[in-house]
Amino acid sequence: MKVLKFGGTSVGTPESLRSVKNIVESCDERVIVVVSALGGITDRLIATAREAEKVSPGYQDMFREIIDRHHAMTEEMVPADERAQVILAIDALFKELSDIYLGVSLLRELSERSLDRVVSYGERLSSTIIEHVINGAVLRFSPSFIRTTRQFGRHVLDNDLTHRCIASEFAEAPERITLVGGFISSDEQGHITNLGRGGSDYTAAILAAELRAETLEIWTDVDGFMTADPRIIPSAKVIDELSFVEAMELCNFGAKVIYPPTIYPVFHRNIPIYIKNTFNPSYPGTRIADIENLSKEPSAGGVSSISDTCLLRVKISDSAVQEATESRMINALSRNGINVFLTSRPAGCFEICCAISASSLPAARSALLAEFSSELETGEMPPLSVSDNLATIALVGENINPDETVRRKICSALHEAKISPVTLPAGSTDSTVSFMVEMDNRVKALQAIHRAFFECGY
Ligand code: ASP
Ligand code: MG
């Protein structure tokens, strides 16, 4: 059995959906197919809700466009004798959605719960249509088995409940092609929730892991993971193979190919992931698996970056408290759900720095003010300082961190490009070396690193 996930662009137009149909129907084993909303629809659903909240009459036109797009897709792709039935089903969903938009505009308020409901229609609509496009597909309603709970003000997967719900939903699933709308889920009270933007990949990975699939295929609109973002580095190449850890690190450091939490569940069960292109199906794509680098030689996989990061700086009085302060800092941030990309202790100054995304700065600041309240009050610790407008750049590859020459090579590539990094290249795991530069230097730094490691032979 395998799980295939098709993203928004793959199901976005009649031509691409035809390709999806061919790919799925030519599989000769049992498959679970996870689909996203039609490309761009999730954004449109949100934009329409925001217009409705402003009581702007324009929301009606925006809503009309969403309806028309789904009707057009149904007309073009669903066989004539099933069309009326599908139109009836999607119109029932549009009636619910129209009531929600009306409620939002009457109350002039778009609550988080309403928005969660609004965005869920993207996958509900797409899957309702696609069930009648792929021969033999049987649709199952993902919110009844993908279950979430709340943590740090966000929906997160409830592992135990999801495990039990999937077991009972799929205990009897005789169909050869099961179709599932990705992204959407429900919480303990039965309210519709979701796994976060881009979450359909994660739905597919959860199902693959729970149902012990042989492989997980993520079908998208690019040929695979690339050595860098091709919009910045046109000479970037497709990577044939990555280890789970490398793929996880590249995603955590900004590679957009898959939603970062996707890799963990399948990694845990050692199920390989294939990244494939719906628009170029014969291309082998990228294989992500438990690849052992027997030689232990460092080998660079790719370089990626996260924009809009900032550096929180905490000054300390002497080196004796360095370790303890660093761990208190990291613990306080992670207890509050804040992701720390890297930490650094600049040589020669009594300071500890943590890189975080700019959007989590307010929460990070309050977490640290609470953690170090007494030291800050007595003046033992000077006020926290922040450097912002930075980018974090990561070079990812097996065993590159233990290798001193990799860090030296990064420094000389930056030096040649006349860039002085804000933090020096340092490793967070065996397979990542990262550093920070001013945002203005991001593109130049990525180009310099890509040239040094992927274009000049390494
Ligand atoms: N439709 C959702 C989004 O646009 C989920 C997904 O496509 O993965 O974020
Ligand atoms: Mg995606």
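The model shown is predicted, which means the values in this text are computed figures rather than measured ones.

The rules we used
- Residues numbered from 1 in each chain as written.
- Chains lettered and ligands numbered in written order.
- Predicted model: local features only at pLDDT ≥ 70, side-chain atom pairs only at ≥ 80, totals over all residues.
- Heavy atoms only, no water.
- Near = heavy atom within 4 Å.
- Polar contact = N/O pair within 3.5 Å; in protein donor to acceptor, adjacent residues only side chain to side chain.
- Areas by Shrake-Rupley, 256 points an atom, 1.4 Å probe, with all protein chains shown as cover.
- Nonpolar A, V, L, I, M, F, W, Y, C, P; charged D, E, K, R; others polar.
- Phe/Tyr/Trp six-rings, centres within 6.5 Å; stacked < 30°, edge-to-face > 60°.
- Helix = DSSP H or I, 4+ residues; strand = E, 2+ residues; numbered from the N terminus.
- Buried < 20%, exposed > 50% of the residue type's maximum accessible area, 1.4 Å probe, protein only.
- 1 Å grid on protein atoms, 1.4 Å probe; cavity = no way out; pocket = protein on both sides within 12 Å on 5 of 7 lines; lining within 4 Å.
- Points joined across faces, edges and corners; volume = space filled by probe spheres on them.
- Salt bridge = Lys/Arg side-chain N within 4 Å of Asp/Glu carboxyl O.
- Expected span 1.5 Å × (residues − 1).
- Contact = heavy atoms within 4.5 Å.
- Pairing = 2+ DSSP bridges.
- Axes fitted to C-alpha atoms, helices over the stretch in contact; angles between N-to-C directions.

Enquirer: Describe the site of ligand 1, naming the residues involved and giving the relevant values.
Expert: Surveying the vicinity of ligand 1 reveals the residues Ser36, Ala37, Thr42, Glu123, Phe183, Arg197, Gly198, Gly199 and Ser200. Between ligand 1 and Glu123 there is a distance of 2.6 Å, counted from a nitrogen atom to a side-chain nitrogen or oxygen. The separation between an oxygen atom of ligand 1 and a polar main-chain atom of Ser200 is 3.0 Å. Bound to the protein, ligand 1 loses 85% of the 260 Å² it would expose on its own. Residues that form the shell around ligand 1 fall into these classes: 2 nonpolar, 5 polar and 2 charged.

Enquirer: Describe in detail the packing of aromatic side chains, supporting the description with residues and values.
Expert: By the definition in use, this model includes 9 aromatic pairs. A centroid spacing of 5.2 Å and a plane angle of 80° characterise the contact between Phe63 and Tyr101, whose relative ring orientation is edge-to-face. Note that Phe63 is positioned in helix H3 (residues 58-77) and Tyr101 in helix H4 (residues 80-107), a separation of 38 residues in sequence. Both residues of the pair, Phe63 and Tyr101, belong to the buried class. Seen from their ring centres, Phe244 and Phe267 are 5.1 Å apart, and the 40° between their planes marks the pair as tilted. A residue pair is termed long-range when its members are at least 10 positions apart, and Phe244 in helix H8 (residues 244-252) and Phe267 in helix H9 (residues 263-268) qualify at 23 residues. A relative accessible area of 2% places Phe244 in the buried class. By relative accessible area, Phe267 is classed as partly exposed at 30%. Here the aromatic residues Tyr59, Phe63, Phe94 and Tyr101 are joined through ring pairs into a cluster of three or more.

Enquirer: Which residues make up the layout of surface pockets, and what values go with them?
Expert: Within this model, the second largest pocket holds a volume of roughly 320 Å³. Around the second largest pocket sit 14 residues that line it, and Leu157, Asn159, Glu210, Tyr264 and Pro265 are the ones nearest its centre. Secondary-structure elements contributing two or more residues to the lining of the second largest pocket are helix H6 (159-169), helix H7 (200-210) and H9. Its residues placed into classes, the lining of the second largest pocket shows 7 nonpolar, 4 polar and 3 charged.

Enquirer: Quick rundown of the pattern of salt bridges? Include the residues and the values.
Expert: One pass over the full model with this rule turns up 22 salt bridges. Of the charged contacts in the structure, one is a salt bridge between Arg287 and Glu241, with a shortest N-O distance of 2.9 Å. Pair noted here: Arg287 is in strand S12 (residues 286-289) and Glu241 is in strand S10 (residues 241-243), with a separation of 46 residues, a long-range link. What makes Arg287 partly exposed here is its relative accessible area of 28%. Judged by its relative accessible area of 41%, Glu241 falls in the partly exposed class. Salt bridges here are not isolated pairs; linked through shared partners, they connect Arg328, Arg335, Glu371 and Glu375.

Enquirer: Give me the lowdown on unusual backbone geometry, citing residues and values where you can.
Expert: Of note, Arg108 is a non-glycine position whose phi angle comes to about 55°, a positive value. Tracing the chain through its elements places Arg108 in the loop between H4 and helix H5 (112-130). When its relative accessible area of 59% is taken as the criterion, Arg108 is described as exposed. Positioned with a positive phi, Arg212 is a non-glycine residue whose angle comes to about 50°.

Enquirer: Account for helix H2 (residues 41-53), with residues named and values stated.
Expert: Over its 13 residues, H2 runs 18 Å from end to end, which matches the ideal 18 Å to within 8%, given 1.5 Å per residue. Turning to H2, its buried residues number three or more, namely Ile41, Thr42, Leu45, Ile46, Thr48, Ala49, Glu51 and Ala52. Where the residues of H2 are buried, they touch H3, H4 and H5. Val55 lies just past H2 and shows a positive phi near 55°.

Enquirer: Quick one: what's the story with the sheet that holds strand S15 (residues 351-357), residue by residue and with numbers?
Expert: Each strand in a sheet pairs with its neighbour through backbone hydrogen bonds, running either in the same direction (parallel) or in the opposite one (antiparallel). Pairing within the open sheet is antiparallel, and its 6 strands lie in the order S14-S15-S13-S16-S18-S17. On the outer flanks of this sheet lie strand S14 (342-344) and strand S17 (423-429), each paired with one strand and no other. Each strand of the sheet is rotated relative to its neighbour by a mean of 35°, with strand direction disregarded. Summarising the sheet, strand S13 (residues 299-315) and S15 pair through 7 bridges and their orientation is antiparallel. Bridge pairing in S15 links Cys310 to Ile356. The strands touched by H8 are S13, strand S16 (385-398), S17 and strand S18 (432-438); relative to S13, the strand with the most contacts, the crossing angle is about 45°. Packed on one face of the sheet, helix H14 (residues 442-455) meets S13, S16 and S18 and runs near 140° to S13.

Enquirer: Just give me the short version of H14, but keep the residues and values in it.
Expert: For H14, built from 14 residues, the straight-helix expectation of 20 Å at 1.5 Å per residue is met to within 8% by its first-to-last C-alpha distance of 18 Å. When we look at burial in H14, the residues that qualify are Arg442, Ala445, Leu446, Ala448, Ile449, His450, Ala452, Phe453 and Phe454. Contacts from the buried residues of H14 go to S13, S16, helix H13 (404-416) and S18.

Enquirer: Go over the sheet that holds strand S6 (residues 177-181) with me, naming the residues and quoting the values.
Expert: Strand order across the open sheet formed by 8 strands is S3-S6-S2-S1-S9-S11-S12-S10, with mixed pairing between neighbours. Since the sheet does not close on itself, it has two edges, and those belong to strand S3 (137-140) and S10, each with one partner. On average, each strand axis in the sheet is tilted by 20° relative to the strand beside it, whichever way the strands run. With 5 bridges joining them, strand S1 (residues 2-6) and strand S2 (residues 31-35) adopt parallel strand pairing. What sits directly across from Lys5, in S2, is Val34.

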